[in-house]
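Each chain, letter by letter, is given below.
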Amino acid sequence: MLDRLYDFFSSLKLTVALLALGLVLVFVGTVAQVNLGLYKAQNDFFRSFIVYWGPAWSSLRIPVFPGGYTIGWLLLMNLFAAHFRHYRPGQKKYGIILIHFGVVLLLVGQLLTDMFSTESLLHLRNGDTKNYSEASREFELAIVDTTAADSNQVVVISTHRLRKGGDIQHPALPFTVRVKTFFANSSLVQTATPGYQAVPTTTAFRTGLWWRELPHETEMEKRDMPSALVELHSAQGTVGTFLFSAFLTKPHAMTHAGRTYQLVVRQVRFYKPFSIHLVEFRHDRYPGTEIPKNFSSRVRLQRPDTGEDREVLIFMNNPLRYDGETYYQASFDTDDQGTVLQVVRNPSWLTPYFSCVLVGLGLIVQFTSHLVGFARKRSKV
Amino acid sequence: MKQFYRVLPWLLLALFAVEIIVVLLPRKAGEFHTAEFGRLPVLLNGRIQPFDSVARNSLLQIRSTGDVPLEEVPGWKFWKHPPKLRSTEWLLEVMFRPAVADTRPIFLVHHPELISELRLTEMGVEKSGLRYYTFTELRPVMAEVAAQGRTARAAPDATRTTYQKQVLKLANALMLYQRLKNSIQPEGTTDFSALVKEFSDSLPAGLAAIRARRAGGTGDEAALDRFNAVAERLDLVATYAYPLVIPPVDPTQKDAWQNVGASVLSAIRDGDVPPAVAYFARMGTAYGAGHAAGFNQAIADYQQWLKSSFTSELAKGRAEYFYNRIKVFLHATIIYIAAFLLAGAALLTIGLSAPLSESLRRSAYYLIGLAFVVHTFGLVFRMMLEGRPPVTNLYSSAIFIGWGTCVLGLILERIYRIGLGSAVAGLVGFVTLLIAHNLALGGDTMEMLRAVLDTNFWLATHVVVITLGYAATFVAGALALAYVTLGVFTPVLARPAGQTTLGRVLAQMVYAIICFAMLFSFVGTVLGGIWADQSWGRFWGWDPKENGALMIVIWNALILHARLGGLVRERGLMNLAIFGNVVTAFSWFGTNMLGIGLHSYGFMDAAFRWLMLFNASQIFIIALGSLPLPAWRSFRALAPTGR
């Protein structure tokens with residue numbers, strides 16, 4: 001039984017079958033993008049173990065095809081099993097080994113990227129300076145102590161923690177945060193609307209709002225907008241029940257125990273030990289046309305702890321790599337006065353480079369040995 | 001006879017080579033030096049190009065041809081060359097003799113519903129089922145076309161009907177034609193020099209009147225009216241002119257070209273009309289009045305003036321004019337098809353007469369060699385004009401795939417000497433150049449590259465390598481097509497070739513090419529990912545074009561593993577290789593037709609029909625290739641032994 005399983009997993013038939021399945025999956029996943037959009041098609045077909053299908057009129061979901069993860073893992077197992085089975089000491093198959101090692105490196109590198117890379121955005125108007133980038137999809141509840149004149153003390157609570165509910169305490173906070181209701185995705189309206197409930201806030205701040213919970217958003221261009229009903233209370237009793245929401249971007253300012261605070265739900269921030277200042281964003285067009293010739297951001301990078309202070313030009317195909325992060329020219333404001341840089345932290349970004357060299361070399365070694373053998377045969381003839 | 005067989009390849013080579021040389025020879029100038037006008041540099045689509053390119057690309061968009069035939073000859077009389085208006089001559093007419101230009105049948109309308117809707121059934125010139133109309137014929141329905149065009153434009157791309165697309169195309173063609181008409185002088189002007197002089201003369205008094213008015217007083221009404229009358233006419237040119245023909249007044253501001261109207265009107269601000277305007281005014285007036293000497297002199301004077309600070313622009317105009325004139329890829333296409341026919345004949349006559357077959361094979365081989373020279377010349381010339389690596393858009397990818405195939409075919413022919421390399425190079429070269437020709441109908445093929453593509457390093461590495469991968473996969477597929485058709489319908493595959501049979505040799509060739517395709521498509525795909533990582537911070541985004549490339553890699557890997565595992569033999573390998581054509585065609589064209597993703601260059605539904613037709617033909621041949629051995633003429637003899 002075990003032998004048969006081993007035979008199955010190490011067979012070239014399985015390789016061919018998996019490659020064929022992979023081809024079909026990639027094709028269907030590509031065509032599906034027309035209707036589903038890139039993001040959803042990617043999640044349904046490539047970043048999944050099983051592809052489901054259900055008739056449009058029902059919520060039935062029938063597993064119909066192996067997803068990208070299944071095919072990828074099986075191919076990896078197949079590859080290792082086959083190498084193990086067919087390996088003979090002294091046999092000169094360097095080419096094949098190089099090729100497959102490169103492919104494994106590529107797949108593993110992409111898996112690591114999926115798991116460990118983080119992406120955030122840095123939006124700067126001309127003249128702005130920031131020392132943080134922001135996640136485009138995730139939010140956090142920030143409680144900012146603004147008492148000190150020259151610096152702020154920030155406590156943030158992730159949506160992940162808010163979802164758990166209950167009481168949240170932090171040494172820097174003189175009050176406890178009690179999560180009464182949390183909606184990971186929500187909708188807010190200002191008038192009574194069917195399907196919505198009045199938000200039971202107890203303070204004058206943000207009264208008269210109605211809300212409802214929404215399902216998790218899967219479309220590429222949309223994101224979850226969380227809202228939370230939070231009660232703050234200290235040893236003296238309750239401070240009040242507040243509504244915080246991704247829709248309400250103006251912080252709630254309050255004074256408590258002689259200190260001033262600002263509370264707001266904002267996009268998750270990634271603070272950096274340096275600051276970036278936008279000197280100038282440029283969007284040049286070819287003369288007499290609207291075709292963009294280049295987008296570029298001239299930024300000034302300042303790092304107090306090392307005294308580093310320099311100007312960098314970031315443009316398409318020329319990102320800034322700094323401190324384990326890469327800053328790409330991603331987008332810009334419609335008035336051409338501001339830039340959006342994509343900030344990527346991807347520890348395995350170099351794996352494709354190595355993999356490309358390994359596989360390329362392996363293929364050349366392998367085919368040259370074929371060619372040499374072939375030429376010898378011909379010359380003998 | 002033997003003598004003849006030996007000379008034939010050289011004779012054919014000489015014949016085609018002489019044709020090319022004749023094309024390269026300079027042409028004698030006519031009474032009007034229209035060619036010199038065609039060489040003058042202008043700025044359009046963000047790049048310096050000669051008037052001739054403006055004319056040619058406009059005509060391609062309006063009429064789908066580069067010239068205007070003056071009489072229609074039935075398509076089958078291909079030896080008849082009717083007199084024709086060359087692109088630049090046509091443009092000169094449009095700009096300076098619009099009344100004549102309006103009577104040329106240039107507007108291609110071929111949607112029957114649209115023709116009857118616009119009540120055009122009785123009009124126009126018909127050729128090979130296509131109908132061409134003159135501007136005069138279309139003038140009464142212009143408002144209607146424009147209105148329908150607006151509706152069609154408002155509809156989203158994907159939902160437009162064929163009818164709407166045709167209306168939109170016609171509306172755009174009419175708009176473009178009218179812009180061309182007003183590109184140098186306002187339509188209906190007989191003496192543009194006088195108009196410019198009138199403008200200069202009326203300017204001071206007119207300006208004084210305007211200033212007086214602004215100050216609250218009453219200016220000289222008559223002077224103001226006189227100035228406004230001429231300024232309005234020039235404003236028409238400023239608004240509608242198509243190319244920017246007046247070089248920058250400050251030669252260091254390389255991009256600040258202006259159209260004639262804006263340039264003349266700039267005198268309101270600067271006080272002086274830029275000198276280049278006067279030359280164009282002289283050319284226009286002389287051409288309109290039929291004064292050849294005056295026209296030629298004005299061009300010569302303008303060229304002399306340009307030499308002071310616009311020598312590189314002048315050179316660019318000349319070079320691109322030459323490139324347009326010699327139509328190098330057209331000649332390559334003709335040589336490819338001739339070579340393909342000769343190579344095919346060589347394969348079919350192996351059994352008939354070996355010396356004849358060898359002579360034909362050699363002829364095909366030499367012609368592919370010539371085609372390689374011509375094709376390479378065109379490719380390199382284009383690269384120099386653009387200052388770019390060979391592939392920058394879909395059009396140039398077709399040219400480059402043809403070139404890659406030609407190289408591979410030559411190598412195969414050099415090694416195996418059985419005519420198949422030439423046949424494949426001829427066929428794929430012909431088809432890809434035909435595809436390129438059709439892609440060129442969309443207009444300028446040397447358009448500027450959007451910011452993200454503006455990197456010669458990645459264009460030279462990723463794009464070139466991946467395109468070679470496409471080419472190699474197509475070559476393997478084409479060889480497999482040859483295997484199946486020759487095997488099923490002829491006994492050729494069973495013929496000995498060296499120690500083995502032709503069939504075996506073919507299988508070796510296909511395998512070798514697939515290895516090559518694997519290398520190029522894999523490295524090309526990963527390089528593409530690395531480029532994406534450099535510009536967007538993600539190696540792989542499942543974008544359609546990326547997926548298309550991945551599919552080629554997967555398919556080639558599948559073929560190699562299936563062969564290694566003994567799952568397929570010779571015929572199976574061939575069928576898989578033919579399906580490689582389908583996969584590659586999807587990657588090359590199909591992914592663009594989805595109209596999504598970063599690589600989509602526009603939805604093409606005419607091309608979609610062709611793609612489906614191509615896929616169907618490939619599936620049909622795979623079905624042929626799946627026939628049992630006794631159905632194969634080449635293997636009938638072997639069948640009973642149960643091979």
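Owing to the predicted nature of the structure, the values given are computational and were not obtained by experimental measurement.

K.L.:
Looking at this model, I keep getting lost on the overall build of chain B. Mind explaining?
P.N.:
Within chain B one finds 25 helices and nine strands. A principal-axis box enclosing the C-alpha atoms of chain B has dimensions of 110 × 60 × 50 Å. Long-range pairs, those at least 24 residues apart, make up 70% of the contacts in chain B with a sequence separation of at least 6.

K.L.:
Explain the overall build of chain A to me, please; I cannot follow it from the model alone.
P.N.:
Each helix and strand in chain A was counted, giving eight helices and 19 strands. Relative to the globule expectation of 21 Å for 381 residues, the C-alpha radius of gyration of chain A, 28 Å, shows a markedly less compact shape. Overall, the C-alpha framework of chain A stretches about 95 × 55 × 50 Å when taken along its three principal axes. Residue burial in chain A is summarised as follows: out of 381 residues, 25% are buried. Residue pairs in contact within chain A that sit at least 24 positions apart in sequence constitute 53% of those at least 6 positions apart.

K.L.:
Is there a simple way to think about the interface of chain B and chain A in this case?
P.N.:
Interface size is commonly expressed as the accessible area that is lost once the parts come together. Across the boundary between the two partners, chain B contributes 48 residues, which contact 48 residues of chain A. Only β1 (41-44), α22 (502-536) and α23 (544-564) of chain B provide two or more residues apiece to the side of chain B that touches chain A. Counting residues per element, the side of chain B that touches chain A draws most heavily on α22 of chain B, which supplies 13 residues.

K.L.:
Explain the confidence of the model for chain B here, please?
P.N.:
Detailed reading of the predicted model is not advised wherever pLDDT is low. Residue and element names in this part refer to chain B. Averaged over every residue, the pLDDT of chain B is 88; residues scoring 70 or more account for 95%. Taken together, the stretch residues 597-603 has pLDDT below 50 and engages in 17 contacts with residues farther than four places along the chain or on a different chain. Overall fold confidence for the complex sits at a pTM of 0.86, while the interface term, ipTM, reaches 0.83.

K.L.:
Is there a simple way to think about the sheet that holds strand β12 (residues 237-245) of chain A in this case?
P.N.:
The pairing of strands in a sheet comes from backbone hydrogen bonds and takes either a parallel or an antiparallel form. All names here are of chain A. Taking strand neighbours across the sheet as the criterion, the four strands line up as β6-β7-β11-β12 in an open arrangement whose pairing is antiparallel. The outermost strands of the open sheet, each flanked by one partner alone, are β6 (166-168) and β12. Going from strand to strand, the sheet's axes swing by 30 degrees on average, the running direction of each strand aside. Here seven bridges tie strand β7 (residues 176-183) to strand β11 (residues 227-234), and the two strands are oriented antiparallel to one another. Looking across to β11, one finds that Arg 178 is bridged to Glu 231.

K.L.:
It is not clear to me how the environment of Val 344 of chain A should be interpreted in this structure. Could you clarify?
P.N.:
Looking at the secondary structure, you find Val 344 of chain A in strand β19 (residues 338-345). Leaving out residues up to four positions away in the same chain, Val 344 of chain A has contacts with Ser 117, Glu 119, Glu 325, Thr 326 and Tyr 328 of chain A together with Gly 537 of chain B.

K.L.:
Hey, could you run me through the sheet that holds strand β10 (residues 210-213) of chain A in this one?
P.N.:
All names here are of chain A. Reading across the sheet, the three strands line up as β8-β10-β9 and stay open at both edges, with antiparallel pairing between neighbours. Each edge of the open sheet carries a strand with a single partner, namely β8 (186-189) and β9 (197-198). Relative to β10, β9 is paired through two bridges, and the arrangement is antiparallel. In the strand pairing of β10, Gln 197 is matched with Trp 211.

K.L.:
What exactly am I supposed to notice about the packing of helix α21 (residues 456-489) of chain B against helix α24 (residues 570-593) of chain B here?
P.N.:
Think of two packed helices as two axes; the pair is described by the angle between the axes and how far apart they sit. Residue and element names in this part refer to chain B. Between α21 and α24, the shortest axis-to-axis distance is 8 Å and the interhelical angle comes to 140 degrees. In terms of orientation, α21 and α24 fall into the oblique class. Crossing of α21 against α24: the hand is left-handed. Listed contacts from α24 to Tyr 470, Thr 473, Phe 474, Ala 476, Gly 477, Ala 480, Leu 481, Tyr 483 and Val 484 of α21 are Met 574, Ala 577, Ile 578, Gly 580, Asn 581, Thr 584 and Trp 588. Residues that form the contact of α21 with α24 fall into these classes: eleven nonpolar, five polar and no charged.

Cut-offs and rules
Residues numbered from 1 in each chain as written. Chains lettered and ligands numbered in written order. Predicted model: local features only at pLDDT ≥ 70, side-chain atom pairs only at ≥ 80, totals over all residues. Helix = DSSP H or I, 4+ residues; strand = E, 2+ residues; numbered from the N terminus. Contact = placed C-beta atoms within 7 Å. Rg over C-alpha atoms; globule rule 2.2 N^0.38 Å. Buried ≥ 20, exposed ≤ 12 C-beta atoms within 10 Å, placed from the backbone. pLDDT = per-residue confidence, 0-100. Pairing = 2+ DSSP bridges. Axes fitted to C-alpha atoms, helices over the stretch in contact; angles between N-to-C directions. Parallel < 35°, antiparallel > 145°, perpendicular 65-115°, else oblique. Left-handed = near helix turned anticlockwise from the far one by under 90°. Nonpolar A, V, L, I, M, F, W, Y, C, P; charged D, E, K, R; others polar.

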